[in-house]
Amino acid sequence: MANLPNDGNLSSDNDREGVALSRAEWENFQRENQQTLRDMQTTITRLTLEVTQIRGDDRNHDGQRAHREGFLNQPIHREELALIRSLQNMDRISELPQPILHHILFFMSAKDAARTIVLSKSWSITWSTFKNDFTVNEEVFLKRVPSAKREDFKNWVGKTLSKKNKIEIFNLSLNLSNDEDTSYVDKWIELVTTNHNIEVLVLDIAIITGHGYPFRIFKEYTLPDITIAKSIDFLGLKNCRLRWPLLCYFIKELSLTSVSVCHNQIVQNLLSSCILLQSFNIKDCKGVDKVRVFNHLNLKVAKTKGVFEVEIKAAPNLEKLEYTNYCVGLPNLKVIDCNNLKELSLESGMSGQVIQQLVSKFPLLETLKLKLSSVVKRLKISSIQLKHLTLLATRCEILDELEIDSPNLCSYEYSGMVIPSLFSINTSGLQYVAITLKPHRMDIYNQWLIQLRKYLANFKQIDCLELLDLNPPNKSSTIQKAFSHVKLRDESIPPPTKLKQLVVRNVQPSPKYTALIDGLLWSSYPEIVSIHSYDQEKEFVKFLFKKLKGRKEKPSWCSGSHIKCWQHYLKGFKFESSGQTFDEQSLHHNTLSESAPTLEISNNVKFILKWEFTE
């Protein structure tokens, strides 16, 4: 038998409320803990001796020895005496972090735990905030007790549940084999829900068949027919199967993840019965294709994923709604009489027009996050109170028009494969802008860089521009399209936008790095260029270093043009790698070359650029 964690004194006793210690009980407590008190006194005496040795400078050897034999006979300074008294009055255990004190209380009976309120103010606060949290995770248990087996784990849980008289939080995470008897798990759940005033019940139980990927298959554990206590505030089920309806009149928070039901009505009845429901999250549940919530006055948060039809009506206090739908066909989301919604997240196959109509229903909306599908070509966002907008167009290759009319917008984040050809934004207080572009299967040439510069010109300042999977033009069919200042002389192009940081990732190998660097530094003047340099990017880092180091102050090829290249304005740079920063003057032109590798290129390097615009 393995050495299992001590479950402490788990005998039944009185509840917390109204418990006070009489004089006889206090004397009995002192007798039972004499050894602990003696150990504490010994510690105080040792600390006191160490404090008095501070005066060793004005004592001889004999005086120090005499002090050790009887330190009270030696003269003590006033400051030392105050420190000694504070050490004697110090309760070291009460100074422990509150989670540790909660853990100590868990292994005590209710009566003994209640007695701790008279020990100190810290213990009193600990008791008032204490929840009997019994989290059962087989994987964690077996790591802490390497010699234990499944039978040891089962015995420990069963013993603890049978002796523990008060459990308020029960969290069970368990993986079962296909041929294993699950009756003992049923008994645990029935015991907890019947004999304890559970406030939080979380069950994550999976039955695993097969061995090793890809033959490992997860099956659902069938939840027994249980009665949900009135005390439960939070119910979380994962990898379970519901065969019987659950009536939970007093539940405030409900979470269902990968739960299987034989009929959609089981979940519908569950939601309808929760009259005090404040939050629900239904994610990837089999058999759940519709969710309808009516007249839930306390509902504040609603999240669904993988549910085809969602209808929420008459939820005046709803503040946050997340809808994710990967179902085939047009999504069906109806939100009626929820005028206080402040945060909306949509990830579905909705068209731009449907999104626009839905957003217009929420006059108090402050945060909007949209993951656009491949069908969105035009999108207009109009919301007066909107403050935070996030657009994810990583699957959308046809987005051509984007219009944003939100005068109070504070932050704008965009991530996509394409740059909208027609873009407009109406806002006055924009404080944060972050743009991520991944030009999928596209070479970087003049037209794309012109489009990028025009897009960035819509903002006064951009905090971060991140470019992924850059493909410099290196094929014969696109070399003539490579960036060239000469070809831009007749273009009507706005001045570049101030950019705090340019992040470059996954640059494809190419002999045309010169055109790529000229184009990127022409489209914006970043203060920092950050490159995540793995093997294929290290050549790009070396090329960029040589390009910056060997720049010309006033190149002749653009002196007669109204559009100047970046070399006219760059006055210096610093190179940062492996936590070290080097000035341009301290670095040789061949510092990063293969013949003179005097400086290591780390996986994340930075070029800090100094610009001056005097012309």
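Up top is the structure.
Since this is a predicted model, take the numbers as computed values, not measurements.

Chemist: Explanation requested: the overall build of the protein chain in the structure shown.
Modeler: The number of helices and strands found in the protein chain is 15 helices and 28 strands. When contacts within the protein chain are restricted to residue pairs at least 6 apart in sequence, those whose partners lie at least 24 apart make up 54%. Per element, the accessible surface of the protein chain, about 32,200 Å² overall, is 49% carbon and sulfur.

Chemist: So what exactly am I meant to see when it comes to the environment of G579 here?
Modeler: Within the secondary structure layout, G579 lies in the loop between β26 (570-577) and β27 (580-583). Owing to a relative accessible area of 75%, G579 belongs among the exposed residues under this scheme. With 26 residues separating them in the primary sequence, G579 and V605 have C-alpha atoms 9.0 Å apart.

Chemist: Honestly, the nonpolar core in this entry has me stumped. Any pointers?
Modeler: One broad trend across soluble globular proteins is that nonpolar side chains are buried collectively. Among the nonpolar cores identified, the biggest contains 140 residues, and F170, L246, F280, Y412, Y414, I435 and F607 are the most heavily contacted of them. In this structure Y414 touches L391, A393, L399, P420, A434, I435, T436, L437 and Y455, once residues within four positions along its chain are discounted.

Chemist: Can you walk me through a nonpolar patch on the surface in this structure?
Modeler: A surface patch of nonpolar side chains, amounting to about 460 Å² of accessible area, comprises L247, Y249, F250, I275 and L276. When you line up the elements, F250 lands in the loop between β6 (240-242) and β7 (253-257). On the accessibility criterion, F250 (35% relative accessible area) is partly exposed.

Chemist: Would you take a moment to explain the sheet that holds strand β21 (residues 422-426) for this structure?
Modeler: Sheet strands pair via backbone hydrogen bonds, and the direction of the pair is either parallel or antiparallel. Strand order in this open sheet of three strands is β17-β19-β21, and the pairing throughout is parallel. Looking at the sheet topology across the chains shown, the edges are occupied by β17 (378-382) and β21. Across this sheet, the average inter-strand angle for adjacent strands is 5°, counted without regard to direction. One ladder, built from five bridges, connects β17 with strand β19 (residues 401-405); its direction is parallel. Residue pairing for β19: I381 is matched across the bridge by I404.

Chemist: Explanation requested: the packing of aromatic side chains in the structure shown.
Modeler: A ring pair, where both rings are aromatic, is described by two values, the distance of the centres and the angle of the planes. Counted according to the given criterion, the structure contains 18 aromatic pairs. Considering the side-chain rings of F423 and Y455, the 4.9 Å spacing of their centres and the 80° angle between planes classify their relative orientation as edge-to-face. With F423 in strand β21 and Y455 in helix α13 (residues 446-456), the pair connects residues that are 32 residues apart, well separated along the chain. For F423, a relative accessible area of 13% gives the class buried. Using a relative accessible area of 3% as the deciding quantity, one classes Y455 as buried. Ring geometry for F423 versus F459: centroids 5.8 Å apart, planes at 45°, classification tilted. Linking F423 in strand β21 with F459 in the loop between α13 and β23 (461-468), this pair joins segments that are 36 residues apart in sequence. Using a relative accessible area of 4% as the deciding quantity, one classes F459 as buried. The structure contains a cluster of three or more aromatic residues connected by ring pairs, namely Y412, Y414, F423, Y455 and F459. Sitting over the ring of Y184, K154 keeps its end group 4.2 Å from the ring centre. Over the face of the ring belonging to W522 we find R453, whose NZ or CZ atom lies 4.5 Å from the ring centre.

Chemist: Got a minute to help me understand helix α11 (residues 264-273) in this structure?
Modeler: Because the α-helix completes a turn every 3.6 residues, residues three or four places apart line up on one side. Across the 10 residues of α11, seven count as buried, placing the element largely inside the fold. Of the positions making up α11, those classed as buried are N264, I266, V267, Q268, L270, L271 and S273.

Chemist: Is there a simple way to think about the side chain of S255 in this case?
Modeler: Looking at the element boundaries, S255 is found in strand β7. Exposure remark for S255: the relative accessible area of 17% places this residue in the buried category. Discounting chain neighbours no more than four positions away, the residues touching S255 are F234, L235, G236, L237 and N281.

Chemist: What's the story with the packing of helix α9 (residues 150-163) against helix α10 (residues 183-195) in this structure? I'm lost.
Modeler: If you want to describe how two helices pack, look at the angle between their axes and the distance between the axes. Direction vectors running N to C along α9 and α10 enclose 20°, while the axes themselves pass 11 Å from each other. Judged on the interaxial angle alone, α10 and α9 are roughly parallel. At the point where α9 passes α10, the crossing takes the left-handed sense. Side by side, α9 and α10 meet where R150, F153, K154, V157, G158, L161 and S162 of the first sit next to Y184, W188, L191 and V192 of the second. Split into classes, the residues belonging to the contact of α9 with α10 amount to seven nonpolar, two polar and two charged.

Chemist: How should the pattern of salt bridges be read in this particular structure?
Modeler: If charged atoms from side chains of opposite charge come close, those side chains can pair. Considering all chains together, one arrives at 17 salt bridges under this definition. One salt bridge connects R505 with E466, and the closest N-O pair in it is separated by 2.4 Å. Pair noted here: R505 is in strand β24 (residues 498-505) and E466 is in strand β23, with a separation of 39 residues, a long-range link. For R505, a relative accessible area of 29% gives the class partly exposed. Across the salt bridge formed by D583 and K574, the nearest N and O atoms sit 3.9 Å from each other. Where salt bridges share partners, they join R292, E309 and E311 into one cluster.

Chemist: Looking at this structure, how should I read unusual backbone geometry?
Modeler: Most peptide bonds take the trans configuration, and most residues that are not glycine carry a negative phi. Look at N239: it is not a glycine, yet its phi comes out positive at around 60°. Among the structural elements, N239 can be located in the loop between β5 (234-238) and β6. In this structure, D337 takes a positive phi of about 55° despite not being glycine. Locating D337 in the fold gives a position in the loop between β14 (332-336) and β15 (343-347). What makes D337 partly exposed here is its relative accessible area of 49%.

Chemist: Sorry if this is basic, but what is going on with the pairing of strand β13 (residues 320-324) here?
Modeler: Both faces of the sheet carry side chains from a regular strand, because those side chains alternate between them. Where strand β11 (residues 301-305) meets β13, five bridges bridge the pair, whose relative direction is parallel. Residue pairing in the sheet places K303 in a bridge with E322 of β13. Strand direction decides the pairing type here: β13 and β15, joined by five bridges, are parallel. Note that in β15 the partner of T324 across the bridge is E347.

Chemist: Help me understand the sheet that holds strand β12 (residues 309-313) in this model?
Modeler: Judged by pairing direction, the sheet is parallel, and its three strands sit side by side in the order β10-β12-β14 without closing on themselves. Since the sheet does not close on itself, it has two edges, and those belong to β10 (290-294) and β14, each with one partner. If you compare each strand with its neighbour and ignore which way they point, the axes differ by 0° on average. Here five bridges tie β12 to β14, and the two strands are oriented parallel to one another. Note on β14: the bridge partner recorded for E309 is N332.

Conventions used here
Residues numbered from 1 in each chain as written. Predicted model: local features only at pLDDT ≥ 70, side-chain atom pairs only at ≥ 80, totals over all residues. Heavy atoms only, no water. Helix = DSSP H or I, 4+ residues; strand = E, 2+ residues; numbered from the N terminus. Contact = heavy atoms within 4.5 Å. Areas by Shrake-Rupley, 256 points an atom, 1.4 Å probe, with all protein chains shown as cover. Buried < 20%, exposed > 50% of the residue type's maximum accessible area, 1.4 Å probe, protein only. Core = buried A, V, L, I, M, F, W, Y, C linked by side-chain atoms within 4.5 Å. Patch = residues over 30% accessible without salt bridge, like charges linked within 9 Å, V, L, I, M, F, W, Y side chains within 5 Å. Salt bridge = Lys/Arg side-chain N within 4 Å of Asp/Glu carboxyl O. Pairing = 2+ DSSP bridges. Axes fitted to C-alpha atoms, helices over the stretch in contact; angles between N-to-C directions. Phe/Tyr/Trp six-rings, centres within 6.5 Å; stacked < 30°, edge-to-face > 60°. Lys NZ or Arg CZ within 6 Å of the ring centre and 35° of its normal. Parallel < 35°, antiparallel > 145°, perpendicular 65-115°, else oblique. Left-handed = near helix turned anticlockwise from the far one by under 90°. Nonpolar A, V, L, I, M, F, W, Y, C, P; charged D, E, K, R; others polar.

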